[in-house]
2 protein chains.
Amino acid sequence: MPIGTSRQFRPLPVPNVKVGGYWGEWQDAVCDSTAEILLDRCVKARMLEQIDVNVPSPGIVIPIIHWLGTAQMFWDSDLAKSIETIAYATYRKPNPELEARADEIIDMYERLQEPDGYLNSFFQRIKPEWKWTNLRDFHELYCSGHMIEAAVAYFQATGKRKFLDIMCRNADLLVARFGRGPGQVRGYCGHEEIELALVRLARVTGERKYLDLAKYFIDERGTQPHFFDEESLRNGRDPSDYVFKNYEYNQSHLPVREQRKVVGHAVRAMYLYSAMADVATEYHDDSLTQALEALWADLTGKQMYITGGIGPSMNNEGFTDYYDLPNDSAYAETCASVALVFWANRMLGRKPDGRYADIMEQALYNGAITGLSCDGKTFFYDNPLESTGKHHRWVWHSCPCCPPNIARLVTSIGSYIYGVADEEVAVHLYAESTADILLAGNRKVSFSQKTNYPWSGAVSIEVTPENATTFALSLRIPSWGKATSVKLNGDAVQADQLTEDGYLRIEREWKAGDTVALDIPLVPRIMKANTQVRQDAGRVSLMRGPLVYCLEGTDNSDNLNAVVLHQGASHAATAVIPDLRGAIAIDLPALREVATSDELYYESDLVAVEQTSARFVPYHLWDNRYPGEMLVWVRDNGASK
Amino acid sequence: MPIGTSRQFRPLPVPNVKVGGYWGEWQDAVCDSTAEILLDRCVKARMLEQIDVNVPSPGIVIPIIHWLGTAQMFWDSDLAKSIETIAYATYRKPNPELEARADEIIDMYERLQEPDGYLNSFFQRIKPEWKWTNLRDFHELYCSGHMIEAAVAYFQATGKRKFLDIMCRNADLLVARFGRGPGQVRGYCGHEEIELALVRLARVTGERKYLDLAKYFIDERGTQPHFFDEESLRNGRDPSDYVFKNYEYNQSHLPVREQRKVVGHAVRAMYLYSAMADVATEYHDDSLTQALEALWADLTGKQMYITGGIGPSMNNEGFTDYYDLPNDSAYAETCASVALVFWANRMLGRKPDGRYADIMEQALYNGAITGLSCDGKTFFYDNPLESTGKHHRWVWHSCPCCPPNIARLVTSIGSYIYGVADEEVAVHLYAESTADILLAGNRKVSFSQKTNYPWSGAVSIEVTPENATTFALSLRIPSWGKATSVKLNGDAVQADQLTEDGYLRIEREWKAGDTVALDIPLVPRIMKANTQVRQDAGRVSLMRGPLVYCLEGTDNSDNLNAVVLHQGASHAATAVIPDLRGAIAIDLPALREVATSDELYYESDLVAVEQTSARFVPYHLWDNRYPGEMLVWVRDNGASK
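Residues numbered from 1 in each chain as written. Chains lettered and ligands numbered in written order. Predicted model: local features only at pLDDT ≥ 70, side-chain atom pairs only at ≥ 80, totals over all residues. Heavy atoms only, no water.

A.B. asks: Looking at this structure, I do not really get the overall build of chain A. What am I missing?
C.D. replies: Along its length, chain A carries 17 helices and 23 strands. A buried classification covers 64% of the 641 residues belonging to chain A. Across chain A, contacts joining residues at least 24 apart in sequence account for 71% of those joining residues at least 6 apart. A total of about 21700 Å² of accessible surface is found on chain A, and carbon and sulfur atoms cover 49% of it. When the 64 positive and 85 negative side-chain charges of chain A are each reduced to one mean point, those points stand 3 Å apart. (Helix = DSSP H or I, 4+ residues; strand = E, 2+ residues; numbered from the N terminus. Buried < 20%, exposed > 50% of the residue type's maximum accessible area, 1.4 Å probe, protein only. Contact = heavy atoms within 4.5 Å. Areas by Shrake-Rupley, 256 points an atom, 1.4 Å probe, with all protein chains shown as cover. Lys, Arg positive; Asp, Glu negative; His and termini not counted. Charge placed at Lys NZ, Arg CZ, Asp CG, Glu CD.)

Put into structure tokens, the structure is as follows:
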């Protein structure tokens with residue numbers, strides 16, 4: 001279906017979907033551990049002292065690095081993402097104590113908020129003189145954005161309106177302050193986030209003004225005269241004295257509709273594109289969608305790790321050159337893959353399209369969830385695809401953005417499974433779950449998925465409308481699963497005739513008890529990277545379904561770069577990994593080079609080769625057992641033939 | 001011959017050797033361009049203003065980075081190395097104008113020197129209050145060291161004593177100040193250099209006190225209580241607040257005789273070991289030699305690039321983990337390979353040994369000389385073994401240590417060719433040259449080498465004693481050249497019976513006209529790295545004689561990582577590269593992978609392969625023609641069989 005049709009797919013509110021199985025275990029880990037850990041560690045970092053007007057301000061706890069801004073400047077966002085996580089977690093597993101702690105923080109924010117709606121603990125309690133002086137670097141609107149998201153989540157999960165009301169007052173201040181009207185500031189935030197938050201706020205409140213402000217921020221970004229130039233001059237700073245050299249870093253180098261190349265800080269880029277996609281959906285804005293489609297092709301065709309990790313460089317926490325994807329030094333921040341999931345999901349707002357859903361799933365299962373340990377207690381910030389044994393999850397970080405980001409994604413994963421339009425339900429993800437859907441505001445349909453996905457490809461979906469009703473059900477057929485077979489109430493469906501853009505579309509009258517069964521083949525696939533990715537030259541990786549696999553030292557002993565694959569995927573065998581949630585390992589025959597000399601360099605006839613078997617495990621589960629080396633791209637000498 | 005015998009091999013003074021051929025061309029480039037460029041760029045950097053008491057001090061030109069010290073702090077060393085270069089260059093090609101400029105600088109230093117001998121323009125003209133407050137970080141003795149080296153060179157090359165006298169007064173101040181006597185400071189410099197300089201000063205002046213001070217600095221280093229701890233406390237600094245965490249950075253973590261692992265800043269380490277080797281030679285100190293032999297094995301067996309580049313990390317400009325040798329991000333500073341040549345040369349002080357001479361040659365022809373362009377006008381600071389096309393020589397650097405370091409090595413290369421003991425002459429390097437040697441202080445022998453080495457392996461050495469005389473001639477047989485044939489006056493010599501430690505030793509009475517002819521086979525060799533070097537896994541490099549080869553984009557088009565070698569060195573053909581000083585290229589049949597898909601990742605059956613020929617050129621000559629990609633370690637699929 002072409003751009004610009006009237007279909008608008010929106011995600012379900014988190015409370016409408018209950019997941020079990022694979023994602024249920026992740027959610028339980030967050031409910032049982034992560035949610036409380038996040039709050040405890042925020043408290044330990046002294047965040048509450050910053051927002052509580054009844055105690056002295058802690059002042060500058062983390063020294064300010066002027067050229068970067070500072071971690072402390074966006075503590076409100078860390079707390080907000082933690083509260084968002086708690087909202088979803090306590091909905092799944094009631095935890096009155098934790099909810100009471102969140103209520104207490106919300107009360108603190110209520111006391112802190114100024115009469116005009118302003119709310120930002122750093123600028124109120126530590127540097128009042130910096131208020132509204134540097135939108136480029138200071139994350140002021142970014143913090144509002146995360147607090148809005150948290151408020152929406154807290155309202156949806158608990159029914160309590162206080163936080164939502166606080167943040168509506170804050171958003172009203174922004175509506176008044178920013179825009180093109182007389183006396184308004186024609187500005188926007190250096191770190192995008194407020195835009196997508198305003199869309200969420202508009203959807204839950206029904207208030208158009210929030211949507212319009214999101215659209216204004218997007219429309220205004222990168223226009224000339226440049227707001228960040230003018231803001232710098234107004235505040236006595238030289239615009240050319242900017243550590244990131246140019247505005248590509250925050251995607252304000254061009255008006256957004258003219259952008260075709262994904263540049264700069266990865267999380268910022270993804271949050272911007274997410275909001276652009278939302279606005280494109282809500283306003284049927286084809287000009288945004290055209291830019292987004294080009295940006296999507298640019299990212300996924302030239303700048304993405306096979307894990308869905310993005311942003312290879314630590315220097316700008318972002319993008320570098322095309323096809324520059326170093327494995328051992330990959331930054332690939334957890335937040336960036338989380339944000340890619342956000343964007344992909346929102347690209348599905350105008351129609352189901354496997355281009356977006358496939359990558360959403362790939363980033364979710366590999367780039368994002370890797371950031372959380374199985375026990376929910378430790379975290380990866382950066383996600384390399386090769387480790388010499390020194391890269392491990394940490395307990396906390398001076399910039400603790402990733403832990404609550406992956407935790408809120410895990411606990412809200414239910415809302416990523418379906419896209420709902422007035423006359424159509426799209427199934428983007430397969431996951432053991434039940435969902436309550438309201439079509440066109442009045443037709444109740446519940447969905448129940450039974451599956452052991454991603455370990456098994458068998459999925460059964462039972463559709464139960466309150467009353468028999470007609471709508472289209474669009475089932476994603478992964479691009480790697482073209483041999484998927486589909487049955488409706490036991491009868492085979494001619495999938496290839498009904499499939500468009502990677503979705504099998506069944507339009508009919510649905511009755512209670514109707515069941516669709518998919519059998520998605522999960523055969524191991526040997527993958528190569530484009531020959532322009534020099535870091536992967538001569539190497540292959542292994543995938544099964546949406547999962548990227550890797551070698552770990554604990555299964556294969558050290559020096560993983562001495563392992564050479566020489567036989568194709570048809571020689572693969574699967575096995576369940578003990579003590580790892582029923583995860584599936586893949587064993588492949590392999591060779592291992594063995595030095596017959598201690599010399600550092602030698603003429604080439606001194607290398608011997610021995611037969612071995614290489615055990616691959618899902619990348620996202622690495623570093624959950626005995627710590628050691630890890631490798632995704634493995635040397636190839638025949639496996640790819 | 002075991003450690004501790006009485007043989008002591010010393011290098012010839014630079015003026016005693018005149019080189020032509022390959023090295024003559026490099027020396028001409030320095031004489032014609034580099035020597036003057038160095039001085040011009042030092043002037044442009046405002047260095048002369050800092051030393052000239054007749055003009056106002058420029059103050060802090062380059063902002064001081066406290067935790068690192070600053071480039072400006074060691075400007076005296078940059079000027080000194082430039083004057084050392086000028087000394088050698090004007091000896092080869094008289095340049096009265098340039099010599100006059102050097103004389104003028106020496107006059108400035110004479111005016112600047114304090115009555116007690118103190119001389120350091122930074123501490124005299126910019127920060128007098130910092131004098132003698134921080135030997136750990138401030139390079140104070142380091143600068144004296146380079147100025148002493150320059151003074152020795154200037155005296156040897158021009159016969160003028162003024163600079164030497166200045167620096168003897170400075171050295172006398174150090175002799176008085178540092179030591180274990182009453183009232184003396186038990187300190188040493190954080191950046192080693194003064195030690196090897198004092199040995200040179202002792203050798204040219206015959207003054208034992210300078211040698212003894214060098215030995216003191218070496219003996220004292222790393223002993224407890226630790227000098228840098230005590231110095232920090234004395235000057236109000238917390239010793240634990242050291243950016244490099246521990247004293248491995250400057251090799252003072254242990255007494256030097258207990259050191260077995262090469263650690264820290266690479267240039268510092270090499271300068272220390274160089275001085276240790278000198279002192280071991282001069283004092284017949286077996287305990288130093290034992291430590292040095294272990295350190296040598298550690299460096300060359302686990303931490304050295306095949307180019308003789310050392311110190312892979314930019315963070316500490318030095319060493320990291322064993323077998324950690326990344327190619328694209330290799331720091332491998334030019335200065336570090338220059339300093340490895342220094343160390344290797346000094347390891348030959350106690351006996352000829354191919355272990356040291358082979359690496360000296362390898363570092364010289366690959367790690368070091370690569371730092372200078374063929375025209376002598378631009379420089380590499382870091383020397384990666386892979387480039388995506390963005391790494392190029394620069395005109396100048398805020399820390400301009402490398403340009404004068406490689407320039408002084410090039411112009412003094414003659415002194416590395418021979419090692420001279422009382423009854424023996426060792427030929428360490430083969431190079432078109434003539435040399436005047438004085439054996440045991442009274443027997444004159446001249447040597448004339450005729451060769452087109454390193455392009456050809458044919459070498460003819462004519463030995464011309466003033467009067468027929470008996471001594472041993474030790475000829476290096478490179479470890480890669482075991483099939484070398486040797487003839488004495490036309491008759492074959494049974495090389496294998498006379499060869500020990502990689503040197504063929506001919507002891508006889510030598511008469512005028514005696515000629516030794518060597519034929520060293522220069523066949524291309526396919527090299528592999530130890531399987532523990534993960535970055536080189538599945539790859540090979542190509543060497544011919546001492547030269548490491550590489551692929552350049554200009555010869556092979558882009559995307560060098562798509563090139564796969566599949567045939568052995570016996571398929572290699574050689575050719576002369578146009579416009580590159582008669583350098584020899586090597587052509588090998590190869591395959592090139594070609595993508596049949598634009599996708600970033602695909603299942604493995606989409607890659608095609610085409611036949612091609614790969615042109616290899618000497619690594620040290622890369623980036624002298626059309627700029628582009630470069631690659632040393634090339635993918636292997638059969639070439640190493």
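What follows continues from the structure just given.
A.B. asks: What's the story with the domain arrangement of chain A in this structure? I'm lost.
C.D. replies: Size of an interface: often given as the accessible area lost when the parts come together. Residue and element names in this part refer to chain A. We note that the domain assignment places domain 1 (418–519) and domain 2 (525–636) within chain A. Taken over C-alpha atoms, the centre of domain 1 sits 36 Å from the centre of domain 2. The interface of domain 1 with domain 2 comprises four residues on the first partner and 13 residues on the second. Per-residue buried area on domain 1 facing domain 2 is highest for Pro454, Trp455 and Trp480; these three make up 94% of the total on that side. For the interface between domain 1 and domain 2, the tally reads zero salt bridges. Where domain 1 touches domain 2, the interface holds one residue pair in polar contact (both at pLDDT 80 or more). When its residues are assigned to classes, the side of domain 1 that touches domain 2 shows four nonpolar, no polar and no charged. (Domains from an automatic or database assignment. Buried area = accessible area lost by both parts, 1.4 Å probe. Salt bridge = Lys/Arg side-chain N within 4 Å of Asp/Glu carboxyl O. Polar contact = N/O pair within 3.5 Å; in protein donor to acceptor, adjacent residues only side chain to side chain. Nonpolar A, V, L, I, M, F, W, Y, C, P; charged D, E, K, R; others polar.)

A.B. asks: Looking at this structure, I do not really get the relation of the copies chain A and chain B. What am I missing?
C.D. replies: Relating the two copies of this chain is a rotation about some axis coupled with a shift parallel to it. Each copy of the sequence occupies a distinct position, and chain A is placed on chain B by a rotation of 180° and an axial shift of 0.0 Å, giving an RMSD of 0.0 Å. Expressed as an axis order, the relation between the two copies is that of a two-fold axis. Looking at chain A, 100% of its interface residues are interface residues in chain B too, so the copies touch through the same face. (Least-squares fit on C-alpha atoms with pLDDT ≥ 70 in both.)

A.B. asks: Would you mind going over the sheet that holds strand β6 (residues 443–451) of chain B with me for this structure?
C.D. replies: In sheet architecture, strand pairing relies on hydrogen bonds along the backbone and comes in two forms, parallel and antiparallel. All names here are of chain B. Ordered by their spatial adjacency, seven strands build an open sheet running β1-β5-β6-β7-β13-β9-β10, and the pairing between neighbours is antiparallel. Both edges of this open sheet fall to β1 (17–19) and β10 (491–492), since each of them pairs with a single strand only. One ladder, built from two bridges, connects strand β9 (residues 485–488) with β10; its direction is antiparallel. Note on β10: the bridge partner recorded for Lys487 is Ala492. (Pairing = 2+ DSSP bridges.)

A.B. asks: I tried to follow the interface of chain A and chain B on my own but got confused; where do I start?
C.D. replies: Each partner contributes residues to the interface: chain A has 48 residues there, and chain B has 48 residues. Contact between chain A and chain B buries roughly 3700 Å² in total, counting both sides, with carbon and sulfur atoms accounting for 48%. Among the residues chain A hides against chain B, the three largest losses belong to Arg534, Leu600 and Tyr601 of chain A. Together they make up 22% of the total. Where chain A packs against chain B, one counts seven salt bridges. Between Arg534 of chain A and Asp328 of chain B there is a salt bridge whose closest N-O contact spans 3.1 Å. Our enumeration of links across chain A and chain B arrives at 19 residue pairs in polar contact (both at pLDDT 80 or more). Elements with a contribution of two residues or more to the side of chain A that touches chain B: α12 (286–302), β14 (525–529), β19 (584–595) and β20 (601–603) of chain A.

A.B. asks: What's the story with helix α7 (residues 162–177) of chain A in this structure? I'm lost.
C.D. replies: In an α-helix, one turn spans 3.6 residues, which is why side chains three or four residues apart end up on the same side. Residue and element names in this part refer to chain A. With 16 residues, α7 should cover 22 Å at 1.5 Å per step; its first-to-last C-alpha distance of 23 Å lies within 8% of that length. Those residues of α7 that sit buried are Phe163, Leu164, Ile166, Met167, Cys168, Asn170, Ala171, Leu173 and Leu174. Tucked inside the fold, the buried residues of α7 contact α3 (75–92), α4 (96–112), α6 (140–158), α8 (194–205) and α9 (208–220). In the stretch just after α7, Gly179 is the one whose phi turns positive, near 155°. (Expected span 1.5 Å × (residues − 1).)

A.B. asks: I'm lost on helix α3 (residues 75–92) of chain B in this one. Help?
C.D. replies: Between its first and last C-alpha atoms α3 of chain B spans 26 Å; for 18 residues at 1.5 Å apiece the expected length is 26 Å, and the two agree. Judged by how many residues are buried, α3 of chain B sits mostly within the fold: 16 of 18 residues are covered.

A.B. asks: I tried to follow the pattern of salt bridges on my own but got confused; where do I start?
C.D. replies: Opposite charge on two side chains permits them to pair, given that their charged atoms come into close proximity. A full pass over the atoms with the stated rule returns 103 salt bridges over all chains. Salt-bridge contacts for Asp32 of chain A lead to Lys93 of chain A; the nearest nitrogen and oxygen are separated by 3.0 Å. Pair noted here: Asp32 of chain A is in helix α1 (residues 21–44) and Lys93 of chain A is in the loop between α3 and α4, with a separation of 61 residues, a long-range link. On the basis of relative accessibility, which here comes to 32%, the residue Lys93 of chain A falls in the partly exposed class. A salt bridge links Lys209 of chain B to Asp172 of chain B; the shortest N-O distance between them is 3.0 Å. Of this pair, Lys209 of chain B sits in helix α9 (residues 208–220) while Asp172 of chain B sits in helix α7 (residues 162–177), placing them 37 residues apart in sequence. Using a relative accessible area of 31% as the deciding quantity, one classes Asp172 of chain B as partly exposed. Look at the salt bridges and you will find they share partners, linking Arg10, Arg203, Asp278, Glu282 and Arg346 of chain A into a network.

A.B. asks: Explain the pairing of strand β3 (residues 418–421) of chain A here, please?
C.D. replies: Within a regular strand, the side chains alternate between the two sheet faces. Residues and elements named next belong to chain A. Here β3 shows no split at all, with Tyr418 and Val420 on one side and Gly419 and Ala421 on the other all buried. Relative to strand β4 (residues 424–427), β3 runs antiparallel, the two sharing four bridges. Residue pairing across strands places Gly419 opposite Ala426, the latter belonging to β4. Two successive antiparallel strands, β3 and β4, enclose a turn made up of two residues.

A.B. asks: Even after reading the chapter, I still don't get the packing of aromatic side chains, so can you show me in this structure?
C.D. replies: Here a ring pair, both rings aromatic, is described through the centre-centre distance and the interplanar angle of the planes. All names here are of chain A. Within the structure shown, the criterion is met by 72 aromatic pairs over all chains. Here Tyr430 and Tyr453 contribute two aromatic rings whose centre-to-centre distance is 6.3 Å and whose plane-to-plane angle is 70°, an arrangement assigned as edge-to-face. Here Tyr430, found in the loop between β4 and β5 (433–439), pairs with Tyr453, found in the loop between β6 (443–451) and β7 (458–465); they are 23 residues apart in sequence, far enough to count as distant. Cluster of aromatic residues (ring-pair linked, three or more members): Tyr22, Trp23, Trp26, Tyr365, Tyr430, Tyr453 and Trp455. (Phe/Tyr/Trp six-rings, centres within 6.5 Å; stacked < 30°, edge-to-face > 60°.)

A.B. asks: Quick question: what am I supposed to make of the sheet that holds β4 of chain A here?
C.D. replies: Residues and elements named next belong to chain A. Here we have five strands laid out as an open sheet, ordered β3-β4-β8-β12-β11, and mixed in their pairing. Where the open sheet ends on each side, the last strands, each with one partner, are β3 and β11 (499–500). Bridge count for β4 against strand β8 (residues 469–476) is four bridges, and the pairing is parallel. For Val427, the partnering residue across the bridge sits in β8 and is Leu475.

A.B. asks: Looking at this model, I keep getting lost on unusual backbone geometry. Mind explaining?
C.D. replies: For residues besides glycine, phi is generally negative; the peptide bonds are generally trans as well. The omega angle of the peptide bond from Gln224 of chain A to Pro225 of chain A is -5°, so this bond is cis rather than trans. Here Pro225 of chain A lies in the loop between α9 and α10 (227–234). Note that the residue after Tyr453 of chain B, namely Pro454 of chain B, is joined by a cis bond; omega there is 5°. Its place among the elements puts Pro454 of chain B in the loop between β6 and β7 (458–465). The backbone of Trp132 of chain A sits at a positive phi, close to 55°, despite the residue not being glycine. Mapping Trp132 of chain A onto the fold places it in the loop between α5 (121–125) and α6.

A.B. asks: Sorry, what's going on with the packing of α6 of chain A against α8 of chain A here?
C.D. replies: Two packed helices can be described by the angle between their axes and the distance between those axes. Residues and elements named next belong to chain A. Viewed as axis vectors pointing N to C, α6 and α8 meet at an angle of 30°, and their least axial separation amounts to 8 Å. The orientation of α6 relative to α8 falls into the category roughly parallel. You can see that α6 and α8 cross each other, and the crossing is left-handed. Residues Leu141, Ser144, Gly145, Ile148, Glu149, Val152, Ala153, Phe155 and Gln156 of α6 pack against Ile194, Leu196, Ala197, Leu198, Arg200, Leu201 and Val204 of α8. (Axes fitted to C-alpha atoms, helices over the stretch in contact; angles between N-to-C directions. Parallel < 35°, antiparallel > 145°, perpendicular 65-115°, else oblique. Left-handed = near helix turned anticlockwise from the far one by under 90°.)

A.B. asks: Is there a simple way to explain the packing of α3 of chain A against α6 of chain A in this structure?
C.D. replies: All names here are of chain A. Contact pair α3 / α6: the axes reach a minimum separation of 8 Å and the direction vectors enclose 15°. Classed by the angle they form, the pair α3 and α6 counts as roughly parallel. Regarding α3 and α6, the two cross each other, and that crossing is left-handed. Each of Asp76, Ser77, Ala80, Lys81, Ile83, Glu84, Ala87, Tyr88 and Tyr91 in α3 lies in contact with α6, whose residues at this interface are Tyr142, Cys143, His146, Met147, Glu149, Ala150, Ala153, Tyr154 and Ala157.

A.B. asks: Just checking my understanding: could you explain the confidence of the model for chain A for this structure?
C.D. replies: Detailed reading of the predicted model is not advised wherever pLDDT is low. Residue and element names in this part refer to chain A. The share of residues in chain A with pLDDT of 70 or more is 98%, and the mean pLDDT across the chain is 94. Segment residues 1–5 is flagged for pLDDT under 50; beyond a separation of four residues in sequence, or across chains, it makes 13 contacts in the model. Confidence metrics for the complex model read pTM 0.93 and ipTM 0.93. (pLDDT = per-residue confidence, 0-100.)

A.B. asks: I tried to follow the pairing of β19 of chain A on my own but got confused; where do I start?
C.D. replies: Residues and elements named next belong to chain A. Burial runs high along β19: nine of the 12 residues are buried. When strand β17 (residues 563–565) meets β19, the two strands line up antiparallel, connected through three bridges. Within β19, the position partnered with Val564 by the bridge is Leu591. Alignment of strand β18 (residues 573–576) against β19, held across four bridges, turns out to be antiparallel. Bridge pairing in β19 links Thr574 to Ile586. In terms of strand pairing, β19 meets strand β21 (residues 607–618) through 10 bridges, oriented antiparallel. Across the sheet, Leu591 pairs through a bridge with Gln611, a residue of β21.

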